[in-house]
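# An overview of the molecular structure
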Amino acid sequence: MSKDLLQKIKERIAGMDHWTDKQETRAAVDVLIRNVLYEEIPDSMFDRLEAYRKAIYEHIYTHYKQAA
């Protein structure tokens, strides 16, 4: 799932110009992460969805500021 999620994020930000500069583009990446997690994580991990979403978003924001 993590490889698939990263690929989807890279594809999304590849079409964005300076995605970290605008609230709308940052939100689009955040929503993508949330939606994939919501669909993919097992029920037993669902209570930690927000923590995972935030951690993944922070990693992407830090390491993928430029389009991949």
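Up top is the structure.
What counts, and at which threshold
- Residues numbered from 1 in each chain as written.
- Predicted model: local features only at pLDDT ≥ 70, side-chain atom pairs only at ≥ 80, totals over all residues.
- Heavy atoms only, no water.
- Core = buried A, V, L, I, M, F, W, Y, C linked by side-chain atoms within 4.5 Å.
- Buried < 20%, exposed > 50% of the residue type's maximum accessible area, 1.4 Å probe, protein only.
- Helix = DSSP H or I, 4+ residues; strand = E, 2+ residues; numbered from the N terminus.
- Contact = heavy atoms within 4.5 Å.
- Polar contact = N/O pair within 3.5 Å; in protein donor to acceptor, adjacent residues only side chain to side chain.

## A short note on the nonpolar core
Formed by 14 residues in total, the largest nonpolar core has its most connected members in Ile9, Ile13, Trp19, Val29 and Ile33. Elements supplying a minimum of two residues to this core: α1 (2-14), α2 (23-40) and α3 (49-63). Per-element tally for this core: the top contributor is α2, with 5 residues. Setting aside anything within four residues of it in sequence, one finds Ile9 in contact with Val29, Leu32, Ile33, Ile56 and Ile60.

## Some words on the environment of Arg26
Structurally, Arg26 is set in helix α2. Residues Arg26 and Tyr61 lie 35 residues apart in sequence; the distance between their C-alpha atoms is 8.5 Å. Residue contacts for Arg26: discarding those within four places in its chain leaves Trp19, Thr20, Asp21, Tyr57 and Tyr61. Within the structure, Arg26 has its side chain in polar contact with the side chain of Gln23 (distance 2.9 Å).

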